[in-house]
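Chain by chain, the residues:
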Amino acid sequence: MKKIHNKKMLRIKTVDFGGSAPKFMMIFFWKGEKIKLKTLYIFFVTLFFIFLPQFLLAEDQLPIAKLVQLANQGDIESQILLGDKYALGEKVQQDYSKAIMWYQKAAENGSIKAQIWLGFEFEKGVSIQKSYSKAFKWYSRAAKQGDNFAQLSLGYFYMKGLHVQRDYENAQYWFKESARQDNMDALYNLGYMAYNGL
């Protein structure tokens, strides 16, 4: 191993901390073969104070006003978190109309989770007014993005004729799409249709 004597060397290494944290350039100063401990100490102390707020204030712990600000800027996770909070009455007064509003914003931005939530809620009509047409709309969007639960639900809508005309061919198509992702309910429904000649 080649030794370095009486020369300063700058070694730079990029470190990816994952998540939303930016990549950081670690800088090591060498003199001979010894690391300057003071430099490393300053580096790690600086790093600690840079990233500490990110760990202490995770997105789901942010104040409601900050979440609203982020959500209005189009942040999908903030929109979903606000939907969750208004649906559950967590740190805010329970309000399903506001929950739906925020879930719809997230769903329009492509969130499968929000699309599934809306589809399920509109299908069952427990906390909001039942609407098979709206349930079908949101399940369709999630199904086209490859979600197996949404695909299963679309198959069920076609098999039972909910909102749409009963169509066994389309029902089988969506059950098969869901079954390809090992959804056991979809496999059961395909067996049921085959057994009954549907």
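These numbers come from a predicted model, not from an experiment. (Residues numbered from 1 in each chain as written. Predicted model: local features only at pLDDT ≥ 70, side-chain atom pairs only at ≥ 80, totals over all residues. Heavy atoms only, no water.)

Chemist: Just to check I follow, could you spell out the overall build of the protein chain for this structure?
Modeler: On a plain count of helices and strands, the protein chain comes out with 9 helices and 3 strands. Going residue by residue from the N terminus, the α and β elements of the protein chain occur as β-β-β-α-α-α-α-α-α-α-α-α. Looking at the protein chain as a whole, 36% of its 198 residues qualify as buried. Here the contacts in the protein chain between residues at least 6 apart in sequence split such that 35% fall between residues at least 24 apart. For the protein chain, the accessible area works out to roughly 12900 Å², and carbon and sulfur atoms hold 56% of it. (Helix = DSSP H or I, 4+ residues; strand = E, 2+ residues; numbered from the N terminus. Buried < 20%, exposed > 50% of the residue type's maximum accessible area, 1.4 Å probe, protein only. Contact = heavy atoms within 4.5 Å. Areas by Shrake-Rupley, 256 points an atom, 1.4 Å probe, with all protein chains shown as cover.)

Chemist: Please clarify how the pattern of salt bridges should be interpreted in this entry.
Modeler: Oppositely charged side chains can form a pair if their charged atoms are brought close together. Within the structure shown, the criterion is met by 5 salt bridges. Put simply, E90 and K85 hold a salt bridge, and the shortest N to O gap is 3.1 Å. Residue E90 is classed as partly exposed on the basis of its relative accessible area of 39%. For K85, a relative accessible area of 3% translates into the label buried. Across the pair R141 and E108 runs a salt bridge, and its minimum N-O distance is 2.9 Å. (Salt bridge = Lys/Arg side-chain N within 4 Å of Asp/Glu carboxyl O.)

Chemist: Just to check I follow, could you spell out the environment of S153 for this structure?
Modeler: Tracing the sequence through the fold places S153 in helix α7 (residues 148-160). Since its relative accessible area comes to 7%, S153 is described here as buried.

Chemist: So what exactly am I meant to see when it comes to the packing of helix α3 (residues 76-88) against helix α4 (residues 96-108) here?
Modeler: In a packed pair of helices, the relevant descriptors are the angle between the two axes and the axis-to-axis distance. Here α3 crosses α4 at 160 degrees, and the two axes come no closer than 8 Å. Comparing their axes, α4 and α3 come out roughly antiparallel. Pair α3 / α4 crosses with left-handed handedness. In this structure, α3 contributes I76, Q79, I80, L82, G83, D84, Y86 and A87 to the contact, and α4 contributes Y96, K98, A99, W102, Y103, K105 and A106. When grouped by side-chain class, the residues that make up the contact of α3 with α4 number 10 nonpolar, 2 polar and 3 charged. (Axes fitted to C-alpha atoms, helices over the stretch in contact; angles between N-to-C directions. Parallel < 35°, antiparallel > 145°, perpendicular 65-115°, else oblique. Left-handed = near helix turned anticlockwise from the far one by under 90°. Nonpolar A, V, L, I, M, F, W, Y, C, P; charged D, E, K, R; others polar.)

Chemist: How should I be thinking about the side chain of S111 in this particular structure?
Modeler: With respect to the element layout, S111 can be found in the loop between α4 and α5 (112-124). For S111, a relative accessible area of 8% translates into the label buried. Here the side chain of S111 touches A114 through a polar contact of 3.2 Å, landing on its backbone nitrogen. Sequence-distant contacts of S111, defined by excluding residues within four places in its chain, comprise I76, I80 and A106. (Polar contact = N/O pair within 3.5 Å; in protein donor to acceptor, adjacent residues only side chain to side chain.)

Chemist: What is the right way to look at the environment of A186 in this model?
Modeler: Residue placement: A186 occurs in helix α9 (residues 184-195). Measuring from C-alpha to C-alpha, the distance between A186 and F175 comes to 4.9 Å, with 11 residues separating the pair along the chain.

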